[in-house]
Amino acid sequence: MDGKLAVIGLGSIGSMALWQASRLSESVTGFEAQSPAHARSAVGGDTRLFRMLYRGIPGYYPILKRSRSLWAELEAETGQDILTRCGGLSIGTADGPYIPSLLETTRINGADHEILSHEEMAERYPQHNLREDDIAVYDPHAGALRTDRAVTAAVTAAEANGATVHTNTPIDSITETDDGVVVTSGDKTWTFESVIVSSGGWSQRLMPDYLKAATQTKRIFLSWFVARNPAEFSPERFPIFIRISGDRSMYGAPTVDGVTVKATLDGRGAPTPQADSVPRELTPAEIAETTETVTEFFPGLYPNIVRSDAFPDLYTTDGHPLLGRLSEGSRIYCATGFSGGGFKNATGFGEIAAHEALGKQTFDGLDFVRPQRFRTR
Ligand SMILES: Cc1cc2nc3c(=O)[nH]c(=O)nc-3n(C[C@H](O)[C@H](O)[C@H](O)COP(=O)(O)OP(=O)(O)OC[C@H]3O[C@@H](n4cnc5c(N)ncnc54)[C@H](O)[C@@H]3O)c2cc1C
């Protein structure tokens, strides 16, 4: 036996699972095909939105609260600035599909928020060119996560706690036996009591057929623009935002380099055959829609894309993650399928995965993320 637990893939979630597992056991090992936080994974693109306000299953709210505390713990433990606490705005048509359902979820979970009328929003955040019926909801706990710092901090903290890390070690196979899980990379073999599969857009290669059928790797692109006056788009003045106004939608974050601002079309994940070769160029249609939307939404940005890129993420058919054992008693634990929304909760998901895979603690109320939900369909 080479250890209690192996974590396969040290990206967004695997790095956090390794960090958390290293707090619980001295016998954890991480394998990463390239290096942690490499730029072709779902860590790429500088920042991810963190927000406590969302629409959908209330079960995410306790994980968000825990994740928020853990982001602060990771910062304290490593001395890194990871979460830029700049607040967040959800903007949209007052009676449209977005704001009323966001407020309904917020009413159920009791998240802190402030409703901004059209006039209040226009006065406080003139960077946004609103439509007549737009209002906004302010999230005081939202912010922008610095992705590469987060992942490298978690791996460094895990190593400081005694975890072993193998970089440039792609795992080819995992085979469950009565005694453990045999893990191979090229001609090397290890055996662990349990394994967490956190290989993001590459996870299907290590999955049983029932989960291959329930998942798809998708490409998500990002775009950046130059600000006419960058101070207006600094974290002090420009919260992260998601906006769905009529037929247009966009999300973005304040400037991190003092020049460019991330502003990207929302909900554009599209199937891609290989996580290793996601097309990085935007199509003419993507460029045209992005440019038109920025032209309308942000008079303070030059409406030419100055930087763009695209990254893989694993989506499930119901849009919720895969977090749990492959079957009851299985030694293989999935922490993948985050479907375009996993980073904000990476610390919380990582903690759940570490505790459950090491058999320390199980968490209730998570049926909506358990892989076994796909067995019955
Ligand atoms: C462009 C974009 C924007 C997004 N915006 C947001 C946002 O604003 N807010 C939010 O919360 N979420 C957002 N998401 C979603 C979030 O980033 C992802 O859900 C999350 O990062 C997925 O993490 P992961 O650990 O599953 O995958 P990754 O971070 O991609 O990590 C997988 C790792 O596994 C490694 N690996 C793969 N195969 C193997 C193997 N066989 N052996 C060893 N290692 C292996 C890879 O090299 C990689 O490092 C966005 C995603 C993208 C792509």
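The rules behind these values
In this numbering scheme, every chain counts its residues from 1 along its sequence in written order. Where local features are concerned, this predicted model is filtered to residues with pLDDT of at least 70; where side-chain atom pairs are given and counted, the filter is 80 or more; whole-chain, interface and lining totals use all residues. By convention in this description, side-chain values take in all heavy atoms of the structure and omit both hydrogens and water. By nonpolar core we mean a set of buried residues, namely Ala, Val, Leu, Ile, Met, Phe, Trp, Tyr and Cys, connected to one another through side-chain atoms within 4.5 Å. To sort residues, take the accessible area from a 1.4 Å probe on protein chains only and compare it with the maximum for the residue type: under 20% means buried, over 50% means exposed, and anything in between is partly exposed. For helices the rule is a DSSP run of H or I covering at least 4 residues; for strands it is a run of E covering at least 2, with both sets numbered from the N terminus onward. The contact rule is simple, with two residues in contact once any of their heavy atoms fall within 4.5 Å. Strands were regarded as paired on the criterion that DSSP finds at least two bridges between them. Axis definition: a line fit to C-alpha positions, over the contact stretch in the case of helices; interaxial angles, taken between N-to-C directions, run 0 to 180 degrees. The rule for a salt bridge is simple: a side-chain nitrogen of Lys or Arg has to be within 4 Å of a carboxyl oxygen of Asp or Glu. We define proximity as follows: a residue is near a molecule or strand when any one of its heavy atoms falls within 4 Å of that partner. For this analysis, a polar contact is any N or O atom pair within 3.5 Å, provided that within protein one partner can donate a hydrogen and the other can accept it, and provided that sequence-adjacent residues contribute only side-chain to side-chain pairs. The Shrake-Rupley method, run with a 1.4 Å probe sphere, supplies the accessible areas, and residue values consider only the shown protein chains as cover. For this scheme, ten residues count as nonpolar: Ala, Val, Leu, Ile, Met, Phe, Trp, Tyr, Cys and Pro. Four count as charged, namely Asp, Glu, Lys and Arg, and the remainder, Gly too, count as polar. Between the first and last residue of a helix there are one fewer steps than residues, each counted as 1.5 Å, and that sum is the expected span. This arc is built from the directions going out from the helix axis to the C-beta atoms.

As a further point, take the nonpolar core. Ranked by size, the top nonpolar core spans 68 residues in total, and within it Leu 5, Met 16, Leu 18, Trp 71, Leu 74, Ile 196 and Leu 323 carry the most contacts. Looking at this core element by element, the count peaks at seven residues for helix α5 (residues 147-160). Aside from chain neighbours lying at most four places away, what touches Trp 71 is Met 16, Phe 50, Ile 82, Leu 145, Ala 150, Phe 343, Lys 344, Ala 346 and Thr 347. Listed in part, the 25 residues of the second largest apolar core include Met 121, Leu 130, Val 261 and Ala 263.

Overall, antiparallel pairing links the three strands, which are arranged β3-β8-β4 in an open sheet. Sheet topology places β3 (47-50) and β4 (83-84) at the edges, where each strand pairs with a single neighbour. Strand direction decides the pairing type here: β3 and strand β8 (residues 143-146), joined by four bridges, are antiparallel. Following the sheet pairing, Thr 47 is matched in β8 by Arg 146. Taken strand by strand, α5 contacts β3 and β8, and its axis lies near 55° from that of β8.

By the definition in use, this model includes 21 salt bridges. For Glu 77, the salt bridge identified is with Arg 23, shortest N-O distance 2.7 Å. Placement of the pair is Glu 77 in helix α2 (residues 60-78) and Arg 23 in helix α1 (residues 12-24), with a sequence separation of 54 residues. The partner of Glu 356 in a salt bridge is Arg 370, with the nearest N and O atoms 2.8 Å apart. Here Glu 356, found in helix α8 (residues 346-357), pairs with Arg 370, found in the segment after α8; they are 14 residues apart in sequence, far enough to count as distant. Each member of the pair, Glu 356 as well as Arg 370, is classed as buried. Via salt bridges that share partners, Arg 131, Asp 247, Arg 248, Glu 292 and Glu 296 belong to a single interconnected network.

Residues in contact with the ligand amount to 32 residues; listed here are only the nearest, Ser 12, Glu 32, His 38, Asp 313 and Lys 344. Measuring from an oxygen atom of the ligand, one finds a side-chain N or O atom of His 38 at 2.8 Å. Here Ile 171 contributes a backbone N or O atom positioned 2.9 Å from a nitrogen atom of the ligand. Considering the ligand on its own, with 1,000 Å² of exposed area, one finds that the protein chains cover 97% of that surface. Breaking the shell around the ligand down by element, the ones donating at least two residues are α1, β3, β13 (215-226) and β18 (307-316). For the shell around the ligand, the residue count by class is 16 nonpolar, twelve polar and four charged.

In terms of residue burial, strand β14 (residues 240-245) counts as a mostly covered element, since six of its six residues are buried. Residues Ile 240, Ile 242 and Ile 244 of β14 are buried on one face, and the alternating residues Phe 241, Arg 243 and Ser 245, pointing to the opposite face, are buried as well. Summarising the sheet, strand β5 (residues 88-93) and β14 pair through five bridges and their orientation is parallel. The partner of Leu 89 across the bridge, within β14, is Phe 241.

Before going further, it helps to spend a moment on helix α7 (residues 284-297). With 14 residues, α7 extends 20 Å from end C-alpha to end C-alpha; this agrees with the ideal 20 Å at 1.5 Å per step. Taken together, the buried positions of α7 are Glu 286, Thr 290, Thr 293, Val 294 and Phe 297. End-on view of α7: buried residues confined to an arc of 95°, all on one side of the axis. Facing away from the buried side of α7 by over 90 degrees, the exposed positions are Pro 284 and Ala 285. Of the surrounding secondary structure, the elements contacted by the buried residues of α7 are β13, β14, β15 (248-253) and β16 (260-265).

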